[in-house]
Amino acid sequence: MKRVALFLITNLAVLVVLGIVLRLVGFEGILDAQGVGLDYRSLLLFALVIGMGGSLISLLMAKWMARRMTGARVIATPANPTEAWLVDTVRRQARAAGIGMPEVAIYPAPEINAFATGYSRRKALVAVSQGLLEQMNADEAEAVLAHEVAHIANGDMVTLALIQGVVNTFVIFLARVIGHVVDRAVFRTERGHGPAFWIVTIVAEIVLAVLASAIVLWFSRQREFRADAGGAHLAGRAKMVAALRRLQRNYGQPAQLPEQIQAFGISGGVGAGLKRLFMSHPPLDERIAALEAFQEARHPA
């Protein structure tokens, strides 16, 4: 739940800052000319600017934030055979996937993990942990890299940003409608908006954002299955399954990726019931089963 809480706080922080800036410049003209009813067209425009704007700003900052939060070091010139192998493998996979050459980086962390991020298929970043290089063999590491390259080729970062932007828009719009209705019907404010409007709006935004995050995280889980299939295509199904099994054996190590970018990593967890709704990755056993079923469907006995 800590990961989910920080995810929501980060998202809400961007929305709040944009909302304050737009209010200071007089953009939020959501009341009608008489100051009694809502101007739904202005409200929708306001929600769209904040919702999509916040999501796109986060997307544009994704690589910079990821490097800062993980301490990742981009390999400009390989300093040893391992770094040379990393760069050559990503270059070969990127060429096969039809994308631009991503930046390749290593970040200091003992767990096995990797992530890909960036706002474009031509301007992306693939980073692996030091623990991955120390604990995985070459075939497993190749499959992990292929999984991350598949994320870039599928445009997953952009897709998630757009989905988040749409969700943000509806959260902002509906929260203010709820705040307006409560302010008028319960607290009997006749003109303008009283303190109840802002209090109810903030509470409604938090509740709606929690509910809406389940939608975003559902899409995140689906994209992991697609990236696994893409990784299997680039590196081979056996290597991809072996990499996931290695992650399964190492699940539960401390020092995971920072919560704000865990959705871009490869590791998964175990969850059921309500907890499952707020997982960014499907359980590893389900991902392995999906790869095996996909192979059987393509090559029936």
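For clarity, every value in this text was computed on a predicted model and none was experimentally measured.

*Asks:* Got a minute to help me understand the packing of helix α6 (residues 138-153) against helix α8 (residues 195-235) in this structure?
*Replies:* At a closest axis distance of 7 Å, the pairing of α6 and α8 adopts a crossing angle of 125 degrees. By the angle between their directions, the pair α6 and α8 is classed as oblique. α8 is crossed by α6, and the crossing has right-handed handedness. Residue-level contacts link Glu142, Ala143, Ala146, His147, Val149, Ala150 and His151 of α6 to Arg223, Glu224, Ala227, Asp228, Gly230, Gly231, Leu234 and Ala235 of α8. Residues belonging to the contact of α6 with α8 are distributed by class as follows: 7 nonpolar, 4 polar and 4 charged.

*Asks:* Before we go on, may I ask you to explain unusual backbone geometry in this structure?
*Replies:* Trans is the prevailing form of peptide bonds, just as negative phi is the prevailing case for residues other than glycine. Unlike most non-glycine residues, arginine 188 shows phi in positive territory, near 60 degrees. The topology assignment puts arginine 188 in the loop between α7 (156-185) and α8.

*Asks:* Is there a simple way to explain the sheet that holds strand β2 (residues 103-107) in this structure?
*Replies:* Sheet strands associate in pairs through backbone hydrogen bonding, adopting either a parallel or an antiparallel arrangement. Strands sit in the order β1-β2-β4-β3 across an open sheet of 4 strands; the sheet is mixed. Lying at the two open borders of the sheet, with one neighbouring strand each, are β1 (73-74) and β3 (114-118). With 5 bridges connecting them, β2 and strand β4 (residues 124-129) associate as parallel partners. Its bridge partner lying in β4, glutamate 103 is registered against leucine 125. Docked against the sheet, helix α4 (residues 81-97) engages β1, β2 and β4, running at close to 140 degrees with respect to β2.

*Asks:* Help me understand α6 in this model?
*Replies:* Residue pairs spaced three or four apart in an α-helix point in one direction, given the helix's 3.6 residues per turn. Across its 16 residues, α6 extends 22 Å between first and last C-alpha, which sits within 8% of the 22 Å expected from 1.5 Å per residue. Counting buried positions along α6 yields 13 of 16 residues, so the element is predominantly enclosed. Two to three positions downstream of the cap, the backbone nitrogen of aspartate 139 sits 3.1 Å from a side-chain oxygen, assigning the N-cap of α6 to asparagine 137.

*Asks:* Explanation requested: the packing of aromatic side chains in the structure shown.
*Replies:* For any two aromatic rings, the description comes down to two numbers: the centre-to-centre distance and the angle of the planes. Within the structure shown, the criterion is met by 4 aromatic pairs. Considering the side-chain rings of tyrosine 40 and phenylalanine 173, the 6.2 Å spacing of their centres and the 45 degrees angle between planes classify their relative orientation as tilted. Highlighted residues: tyrosine 40 in helix α2 (residues 40-60) and phenylalanine 173 in helix α7, separated in sequence by 133 residues. Between the aromatic rings of tyrosine 107 and phenylalanine 115, the centroid separation amounts to 5.6 Å while the plane-to-plane angle is 45 degrees, which identifies the pairing as tilted. Each of the two residues, tyrosine 107 as well as phenylalanine 115, counts as buried.

*Asks:* It is not clear to me how the pairing of β3 should be interpreted in this structure. Could you clarify?
*Replies:* Two faces belong to every sheet, and in a regular strand the side chains alternate between them. With 5 of 5 residues buried, β3 is to be regarded as a mostly interior element. Of the two faces of β3, the one carrying Ala114, Ala116 and Gly118 and the one carrying Phe115 and Thr117 are both buried. Note: β3 against β4, 5 bridges, orientation antiparallel. Along β4, the bridge assignment pairs phenylalanine 115 with alanine 127. The turn linking β3 back onto β4 is made up of 5 residues.

*Asks:* What should I look at first to understand the nonpolar core in this one?
*Replies:* Generally speaking, a soluble globular protein has its nonpolar side chains buried in company with each other. Of all hydrophobic cores here, the largest spans 37 residues; its most connected members are Leu86, Val128, Leu132, Met136, Ile152, Met240 and Leu244. The dominant element in this core, judged by the number of residues it contributes, is α6, at 7 residues. Grouped together as the second largest cluster of nonpolar side chains are 10 residues, Ile30, Ala47, Ile172 and Phe197 included.

*Asks:* For this particular structure, what's the right way to read the confidence of the model for the chain?
*Replies:* Predicted coordinates in areas of low pLDDT are best not read in detail. Overall, the predicted model of the chain reaches an average pLDDT of 84, with 80% of residues at or above 70. Mean pLDDT across the elements of the chain ranges from a minimum in helix α1 (residues 2-24), with 56, to a maximum in α4, with 98. Under a pLDDT of 50 for its full length, residues 1-7 has, in the predicted model, 12 contacts with residues more than four places off or in other chains.

*Asks:* Quick question: what am I supposed to make of the environment of histidine 147 here?
*Replies:* If you trace the backbone, histidine 147 turns up in helix α6. Taking the C-alpha atoms as reference points, histidine 147 and alanine 235, 88 residues apart in sequence, are found 8.7 Å from one another.

*Asks:* What is the right way to look at the pattern of salt bridges in this model?
*Replies:* Close approach of charged atoms allows side chains with opposite charge to pair. Under the counting rule described, the total for this entry stands at 15 salt bridges. One salt bridge in this structure joins glutamate 83 and arginine 73, with 2.6 Å as the shortest N-O distance. Here glutamate 83 is found in helix α4, whereas its partner arginine 73 is found in strand β1, with 10 residues between them in sequence. Residue glutamate 83 is classed as buried on the basis of its relative accessible area, which comes to 4%. Residue classification places arginine 73 among the partly exposed residues on the basis of a relative accessible area of 42%. Salt-bridge contacts for arginine 184 lead to aspartate 183; the nearest nitrogen and oxygen are separated by 3.6 Å. Taken individually, arginine 184 and aspartate 183 each receive the classification buried, so the pair is uniform in this respect. A network of salt bridges, in which partner residues are shared, links Arg92, Asp139, Glu142 and Lys239.

How each quantity is defined
Residues numbered from 1 in each chain as written. Predicted model: local features only at pLDDT ≥ 70, side-chain atom pairs only at ≥ 80, totals over all residues. Heavy atoms only, no water. Axes fitted to C-alpha atoms, helices over the stretch in contact; angles between N-to-C directions. Helix = DSSP H or I, 4+ residues; strand = E, 2+ residues; numbered from the N terminus. Parallel < 35°, antiparallel > 145°, perpendicular 65-115°, else oblique. Left-handed = near helix turned anticlockwise from the far one by under 90°. Contact = heavy atoms within 4.5 Å. Nonpolar A, V, L, I, M, F, W, Y, C, P; charged D, E, K, R; others polar. Pairing = 2+ DSSP bridges. Expected span 1.5 Å × (residues − 1). Buried < 20%, exposed > 50% of the residue type's maximum accessible area, 1.4 Å probe, protein only. Polar contact = N/O pair within 3.5 Å; in protein donor to acceptor, adjacent residues only side chain to side chain. Phe/Tyr/Trp six-rings, centres within 6.5 Å; stacked < 30°, edge-to-face > 60°. Core = buried A, V, L, I, M, F, W, Y, C linked by side-chain atoms within 4.5 Å. pLDDT = per-residue confidence, 0-100. Salt bridge = Lys/Arg side-chain N within 4 Å of Asp/Glu carboxyl O.

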